[in-house]
Amino acid sequence: MIQKKIRKKRHNFHSSKIYSLYPDSCPDIFKLIIGLILIPIIMLILTFNCKAASFKPEFDNNPEAPWHITADDLSYDKKTGQYIAMGNVIITKQEKRLTADFVRFDQQTMNVLADGHVIMTVKEDVLTGSRMEINLEAEVGTIYNGTLFISKNHFYISGDTIRKTGKDTYDIDKASATTCDGDNPAWKITGRNLKVTLEGYGFVQHAALWAKKVPVIYSPFFVFPAKIKRQSGLLPPQIGYSDRKGEMYLQPFFWAINESSDATFYVHHMEDRGDKIGLEYRYILDDQSKGILMYDFLNDMKTDDGTGESSNKWGYEDDDELRPNSDRYWFRMKHDQAMPFGFFAKLDIDIVSDQDYLTEFKRGHTGFEETDSYFNKNFGRDIDDYNDSTRVNRLNLNKIWTKYSLNAEARWYDNVINRRWKDTDTTLQKLPFVDFNALKQQIFNSPLYFDLDSGYTYFYRQDGTEDLTRRGHRMDVHPRVYLPYRFKNYFNIEPSLGVTETIWYVDKDNQSLSEKEETQSREIYDIKLDLSTDISRVYDANGKYISKIKHLIRPRVIYDYIPPMNQEKYPNFDSLDRIDKKNLITYSITNTFTSRSQKHAADKHSPKNENDQPIGYEYDQFCRLKLEQSYDINEEKEDNPSKWANQKSKEPFSPVHLEFELIPNKYFSLRGDAEWSPYDNRLQSHNVWVNLSDKRGDKLFIEHRYEYDSIKSIYLHLDLILSDRLSSYGEYERNIHEQKDILSSLGFLYRAQCWSINLMYSDEDDDSRYAFMINLYGLGEFGTN
């Protein structure tokens, strides 16, 4: 065995780069026809720039790293200028490896030949072939009986010959592509001859989709765009049926405007409702500035005008409002903008035609759920729930320092029902409000601490009343000073004093305050005393994974006092304008359990040491239980029987509030809260959330909500692994209080190695949906929804 390590300068060869051609919603096969077929060409037309036997591909991260060559026989012919390696030839460089029975490199012509059991691996990707011929100078080459395996997509692509015939031209004889393992794949795409020109088009003769050995789809000639950049064109449609809409067909069209913006147009045909058109426009201005706007419009063939048949079929049971309009639309937008001096701006717009629109179009490409998910994923902000008839629109400008924050916002609450019916609209708008806050921090080197909440708001109502102020300004400042003190290791005590200064200025044309002063002010103080202690003990667990458990008990008492003040003369915009008196004692006890487990070298993500000794500890709070109740001194002192006329007696004690959380391992979690009335001797409310799972992937989520005499509901979601390939899933939600099912669905998913079948049925809001989808991995989904 002969081994050499050689370093030489790199030959000047520019390899092509592969970029995504289509948006994520496009079937992967179109990307792979271009990308995966060309990847082996680009990888194997190596820049073997050698004056001895050095092989240096252009794409290598470290061009100075040497190639290592081993062979049974390695020689150099000075007359012909050829390097010849024979017998068990292995050429390696970092994560690249090429093996063959024979390799010859001609330095004068720049021809390279590898013959016999040619195998090349780059990380987890593998290329095999019987023979490889390339010319580095002309940038052309051929691979015979080649097969490429791309690990990331688990994709195989092969051809009798794979040729690079020019700078940007390629062709493959008897091309085949699949994601299935084995010599007899469950499905594959074939073509007798494939020719591709980058930034041009690809041409395939006799293209076919096969299921095993049976051709399913055939085309004698197929043309596809081979643009390296994003390409405009039709996207996969959605086809389905709905009780409320009839037969449906939704066709998207993608427009690649430029490198920083694109758009998608939608035509949604509904047999019983008409044609809904939609637009999405996405853009990126810089690394921190981006935005999207979406608009849909439908001239609905059906209305809810109050007649029996109309309301029963086209309205919703939970909605008492009619929908007589046929012009239906939804405009929504989000924008993030980096500003000078560290400021950041955000814009949120959400305008809908009627209160039923988002319930009607909850799912689908342009539906509420996909929009909400997209906003959360890309902007970190959601939108109001689909059944909320008041939609928030805002323009926000903010800056955050280490201990301070400035937040300015113009906020408009769009009352959809009042706008549609042109009713009196007393919705309170904030145009704008400005908040400046300071976190709790030490005052110089003194024992005192302080924090600050302050804000300015201009309020506006389209319509005022005798009791509601129409327009006005308010300035509010609330500093608080703390004096924390710890008495040895026994307890912590923290008294604090806050002062609230509020100034109002009411516009002169405000009819509801015509007899009141235009400018008013209010000063009020509040006192707080916080007393707590920690009692803890550490227990030896001596378990296989857990070595110790710490039990911490934290009793706490908080006293809050705000003096009574007559505030009827002041404007009344929101809750800050009426600060209620308070004389309240709140006492609680919190139990927490924290486990400590040792990290060893055997741990998957831990660094190794020689003796497998503990190299650190992991701490996990696996249980928390909190009980809390308040005692209202003002309630106890109240002498006015009318204040508690509906009660049998005074009720100074609040309901006992319970919070609990139990997470013993990653397969089980239990969370909940409850309130118990000491006067009625019953539970006022309780909510429970349970998560169960196992190593197989079975999952069960249960949520139960209860509020005395008003709410009682249960929700379940189940994912069940029936076998290695078959699983089922389902959801169920029921309003137990009203004895009504809200949602029920059941589905089965069969997964093979390279394909799957999904069957699903759901019934929600009196609208049944059926789905049958076949997914060929790497090719896309086909079926109905």
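Residues numbered from 1 in each chain as written. Predicted model: local features only at pLDDT ≥ 70, side-chain atom pairs only at ≥ 80, totals over all residues. Heavy atoms only, no water.

Trainee: In this structure, what is going on with the state of the cysteines? I would like to understand it.
Mentor: Each disulfide consists of a covalent bond between the sulfur atoms of two cysteine residues. In this structure the tally under the stated criterion is 1 disulfide. With a sulfur-sulfur separation of 1.8 Å, Cys180 is cross-linked through a disulfide to Cys754. The chirality of the disulfide connecting Cys180 with Cys754 is right-handed, given an S-S dihedral of about 85 degrees. In this pair, Cys180 is assigned in the loop between strand S10 (169-178) and strand S11 (187-197) and Cys754 in the loop between strand S40 (740-751) and strand S41 (755-764), connecting sequence segments 574 residues apart. Judged by relative accessible area, Cys180 falls into the buried class, the value being 2%. (Disulfide = S-S within 2.5 Å. Helix = DSSP H or I, 4+ residues; strand = E, 2+ residues; numbered from the N terminus. Buried < 20%, exposed > 50% of the residue type's maximum accessible area, 1.4 Å probe, protein only.)

Trainee: In this structure, what is going on with a nonpolar patch on the surface? I would like to understand it.
Mentor: A surface patch of nonpolar side chains, amounting to about 570 Å² of accessible area, comprises Leu718, Leu720, Leu722, Leu746, Phe748, Leu759 and Phe772. Listed by contribution, the elements that provide at least two residues to the nonpolar patch are strand S38 (711-721) and S40. Tracing the sequence through the fold places Phe772 in strand S42 (residues 767-776). Phe772 sits in the partly exposed class, given a relative accessible area of 37%. (Patch = residues over 30% accessible without salt bridge, like charges linked within 9 Å, V, L, I, M, F, W, Y side chains within 5 Å. Areas by Shrake-Rupley, 256 points an atom, 1.4 Å probe, with all protein chains shown as cover. Salt bridge = Lys/Arg side-chain N within 4 Å of Asp/Glu carboxyl O.)

Trainee: Teacher, can you tell me more about the environment of Tyr329 here?
Mentor: If you trace the backbone, Tyr329 turns up in strand S20 (residues 327-338). Linking Tyr329 and Leu298, residues 31 residues apart in sequence, is a C-alpha distance of 6.2 Å. Excluding residues within four positions of it along the chain, Tyr329 makes contact with Tyr295, Asp296, Phe297, Ile351, Val352, Ser353, Tyr357, Arg419 and Arg420. (Contact = heavy atoms within 4.5 Å.)

Trainee: Looking at this structure, how should I read the packing of aromatic side chains?
Mentor: Aromatic rings considered in pairs are described by the distance between their centres and by the relative angle of their planes. Applying the stated criterion across every chain yields a total of 23 aromatic pairs. On the basis of an interplanar angle of 35 degrees and a centroid distance of 6.1 Å, the ring pair of Phe203 and Phe221 is categorised as tilted. With Phe203 in strand S12 (residues 200-211) and Phe221 in strand S13 (residues 214-226), the pair connects residues that are 18 residues apart, well separated along the chain. Taking NZ or CZ as reference, Lys430 lies 5.8 Å from the ring centre of Phe433, over its face. Of note, Lys440 hangs over the ring of Tyr482, and the distance from its end group to the ring centre comes to 4.4 Å. (Phe/Tyr/Trp six-rings, centres within 6.5 Å; stacked < 30°, edge-to-face > 60°. Lys NZ or Arg CZ within 6 Å of the ring centre and 35° of its normal.)

Trainee: Is there a simple way to explain the pattern of salt bridges in this structure?
Mentor: Pairing of side chains with opposite charge becomes possible as their charged atoms draw close. Applying the stated criterion to the full structure yields 41 salt bridges. The partner of Arg480 in a salt bridge is Asp526, with the nearest N and O atoms 1.8 Å apart. Here Asp526 lies in strand S29 (residues 519-532) and Arg480 lies in strand S26 (residues 471-482), a separation of 46 residues in the sequence. The shortest N-O distance in the salt bridge between Glu661 and Arg671 comes to 3.2 Å. With Glu661 in strand S34 (residues 656-665) and Arg671 in strand S35 (residues 668-677), this pair connects stretches of sequence that are 10 residues apart. Using a relative accessible area of 34% as the deciding quantity, one classes Arg671 as partly exposed. Here the salt bridges do not stand alone but share partners, grouping Arg244, Arg273, Asp300, Arg323, Arg328, Asp354 and Glu360 into one network.

Trainee: Can you walk me through helix H4 (residues 368-379) in this structure?
Mentor: Helical periodicity: at 3.6 residues per turn, an α-helix aligns residues three or four positions apart in one direction. Taking 1.5 Å per residue, 12 residues should reach 16 Å; H4 reaches 16 Å between its end C-alpha atoms and fits that length. Every buried residue belonging to H4 is among Phe368, Thr371, Asp372, Phe375 and Phe379, and all of these are buried. Projected onto a plane normal to the axis of H4, the buried residues spread over an arc of 95 degrees and lie on a single side. If you follow the buried residues of H4, they end up packed against strand S19 (290-299), S20, helix H3 (357-360) and strand S22 (390-400). Directly beyond the C-terminal end of H4, a positive phi value near 70 degrees is found at Gly380. (Expected span 1.5 Å × (residues − 1). Arc of directions from axis to C-beta.)

Trainee: Can you help me understand the environment of Ser454 in this one?
Mentor: By secondary structure assignment, the location of Ser454 is in strand S25 (residues 449-460). By relative accessible area, Ser454 is classed as buried at 15%. Considered as a pair, Ser454 and Ala438 are 16 residues apart in the sequence and their alpha carbons are 8.9 Å apart. For Ser454, the residues in contact, after removing those within four places along its chain, are Val434, Asp435, Phe436, Asn437, Asp476 and Val477.

Trainee: Just checking my understanding: could you explain the pairing of S41 for this structure?
Mentor: Consecutive side chains along a regular strand alternate between the two faces of the sheet. Two strands pair when backbone bridges link them, and S40 and S41 are joined in this way by 9 bridges, in the antiparallel orientation. The partner of Tyr750 across the bridge, within S41, is Ile757. Counted along the chain from S40 to the antiparallel partner S41, the turn is 3 residues long. As judged from the 10 bridges shared by S41 and S42, these two strands associate in the antiparallel manner. Following the sheet pairing, Asn758 is matched in S42 by Met773. (Pairing = 2+ DSSP bridges.)

Trainee: Got a minute to help me understand the environment of Lys582 in this structure?
Mentor: Residue placement: Lys582 occurs in strand S32 (residues 582-599). Judged by relative accessible area, Lys582 falls into the partly exposed class, the value being 33%. The residues contacting Lys582, other than those within four sequence positions of it, are Asp560, Tyr561, Ile562 and Asn634.

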